[in-house]
Amino acid sequence: STQSTWGSSPTHASSFMPLLSSLAAGAAAGAAVDVALFPLDTIKTRLQSATGFFKSGGFRGIYSGLSVAALGSAPGSALFFATYDTCKRLLLQHRRDVERGRGAAADRPDDALTPVDSVVHGVAASAGEMAACLVRVPTETLKQRMQAKLDQSVFAAVDRIRRTSGLRGFYTGYTTTLLREIPFSLIQFPLWERLKNRWSARQGRAVDPWQTAVCGSVAGSIAAAATTPFDVAKTRIMLGGDAAGVPYRGTTDVFLRVCRTEGWRVLFRGIVPRVTWIGIGGFVFFGSYDACVQLLALQHVVVP
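Residues numbered from 1 in each chain as written. Predicted model: local features only at pLDDT ≥ 70, side-chain atom pairs only at ≥ 80, totals over all residues. Heavy atoms only, no water.

Asks: Break down the overall build of the protein for me, with residues and values.
Replies: For the protein, the count of helices and strands is 11 helices and zero strands. Each helix (α) and strand (β) of the protein, taken in turn from the N terminus, gives the series α-α-α-α-α-α-α-α-α-α-α. Within the protein, the proportion of its 304 residues that are buried is 50%. Contacts in the protein between residues at least 24 apart in sequence constitute 78% of all its contacts with a sequence separation of at least 6. With the model as given, the accessible surface of the protein reaches about 13,800 Å², and the carbon-plus-sulfur share is 66%. (Helix = DSSP H or I, 4+ residues; strand = E, 2+ residues; numbered from the N terminus. Buried < 20%, exposed > 50% of the residue type's maximum accessible area, 1.4 Å probe, protein only. Contact = heavy atoms within 4.5 Å. Areas by Shrake-Rupley, 256 points an atom, 1.4 Å probe, with all protein chains shown as cover.)

So, in structure tokens, the structure goes:
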């Protein structure tokens, strides 16, 4: 069921079937949301660019970089959910084993969420982000350079980064991206799991994919608004510098220089398209993922 897959993960840690399910469903969901909502992401990137929205391309060529996004979204999302589901399953099973040893497991229902569960969800999501960013950051760097019209093609962007910075250039902003993604996931995933759990308890059965999608949209929108300054910092670093071309030296440097020269409100530039994009994207992403998981379960790919 959906609840056993998401709220209290199956205990078949030795089986590869849940892992394969997470990989396949994550890849499908990631590709679906990134391709469908790419124009909103382009607008957000150009709003956050140090050179300004219109100098970065305005509304022209809003599909620039789509090929890179499509190439990286499926493996990035697959890595995330494979890591998230595996870590969550193992950590929750370990917690249950400890509780059984102390005789505490019988004190609460199996589907009740505790503060410890929320910590587990946050830790698992953080691990998932660290894995996914190994794929996401290089593709995000290439994509944003094309979106901001700094390069006209994928090959030109790859060649420029390779000549100027080498392999490390493709991971410019990795730490900053983690500083954005981990706080985002620490808010989004525990909230998403709790919303699903409450909805399931209220109706007396597991949530449907569309209900999972609504929970994902609400949780994602809240997390997106709260972490917009980190998103602005990540965009500035990946694009290479300020309006004068002076490189940023990290997230703190972006915050200080933006507040000093442009005002603190600039750190929330792009919040409307970001919240809109992630809110709609969360609906598509989590709904697609849950629907794929259920479909694979019906095909006996997931061990019940």
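Asks: Any chance you could break down the packing of helix H7 (residues 174-203) against helix H8 (residues 209-226) for me, citing the residues and the numbers?
Replies: Where H7 meets H8, the axes come as close as 8 Å, and the angle between the chain directions of the two elements is 150°. Considering their axes alone, H7 and H8 lie roughly antiparallel with respect to each other. For the pair H7 and H8, the sense of crossing is right-handed. (Axes fitted to C-alpha atoms, helices over the stretch in contact; angles between N-to-C directions. Parallel < 35°, antiparallel > 145°, perpendicular 65-115°, else oblique. Left-handed = near helix turned anticlockwise from the far one by under 90°.)

Asks: With reference to specific residues and values, describe the packing of helix H9 (residues 228-239) against helix H10 (residues 251-261).
Replies: Two elements in contact, H9 and H10, have axes separated by 9 Å at closest approach and are oriented at 100°. Classified by the angle between their axes, H9 and H10 sit roughly perpendicular to one another. Contact with H9, carried on its side by Pro 229, Phe 230, Ala 233, Arg 236 and Ile 237, involves Thr 251, Val 254, Phe 255 and Val 258 of H10 and no other residues of that element. Grouping the amino acids of the contact of H9 with H10 by side-chain chemistry returns seven nonpolar, one polar and one charged. (Nonpolar A, V, L, I, M, F, W, Y, C, P; charged D, E, K, R; others polar.)

Asks: Quick rundown of the packing of aromatic side chains? Include the residues and the values.
Replies: Across all of its chains, the model carries 20 aromatic pairs by this definition. Between the aromatic rings of Phe 80 and Tyr 84, the centroid separation amounts to 5.8 Å while the plane-to-plane angle is 10°, which identifies the pairing as stacked. One end of the pair, Phe 80, and the other, Tyr 84, are both in helix H4 (residues 66-102), four residues apart, so they sit about a helical turn from each other. A single burial state applies to Phe 80 and to Tyr 84, both of which are buried. (Phe/Tyr/Trp six-rings, centres within 6.5 Å; stacked < 30°, edge-to-face > 60°.)

Asks: Can you tell me about the pattern of salt bridges, naming the residues and giving the values?
Replies: According to the stated counting rule, one finds 16 salt bridges in the structure shown. Two residues, Arg 136 and Glu 181, come together in a salt bridge whose shortest N-O distance is 3.8 Å. One end of the pair, Arg 136, is in helix H5 (residues 115-147); the other, Glu 181, is in helix H7, with 45 residues separating them in the sequence. The class for Glu 181 is buried, based on a relative accessible area of 10%. A cluster of three or more residues bridged by salt bridges with shared partners is formed by Asp 41, Lys 44, Glu 140, Asp 231, Lys 234 and Arg 274. (Salt bridge = Lys/Arg side-chain N within 4 Å of Asp/Glu carboxyl O.)

Asks: Let's hear about a nonpolar patch on the surface: which residues, and what values?
Replies: Where nonpolar side chains cluster on the molecular surface, the patch consists of Leu 91, Val 119 and Val 123 and spans about 240 Å² of accessible area. Looking at where Leu 91 falls in the secondary structure, it is placed in helix H4. By relative accessible area, Leu 91 is classed as partly exposed at 34%. (Patch = residues over 30% accessible without salt bridge, like charges linked within 9 Å, V, L, I, M, F, W, Y side chains within 5 Å.)

Asks: Which residues make up empty space enclosed by the protein, and what are the values?
Replies: Per the counting criterion, the structure on display carries three cavities of 30 Å³ or more. If you add up the space inside the largest cavity, you get close to 700 Å³. Lining of the largest cavity is provided by 29 residues; of these, Val 33, Asp 34, Arg 136, Glu 181 and Trp 277 occupy positions nearest its centre. If you tally residues by element for the lining of the largest cavity, the top one is helix H11 (residues 271-298), at seven residues. For the lining of the largest cavity, the per-class residue count stands at 11 nonpolar, nine polar and nine charged. (1 Å grid on protein atoms, 1.4 Å probe; cavity = no way out; pocket = protein on both sides within 12 Å on 5 of 7 lines; lining within 4 Å. Points joined across faces, edges and corners; volume = space filled by probe spheres on them.)

Asks: Could you give me a rundown of the environment of Ser 49, with the residues and numbers involved?
Replies: Structurally, Ser 49 can be placed in the loop between helix H3 (38-48) and H4. By relative accessible area, which is 4% here, Ser 49 ends up buried. Residues contacting Ser 49, with those up to four places away along its chain left out, are Ser 56, Arg 236, Leu 239 and Arg 269.

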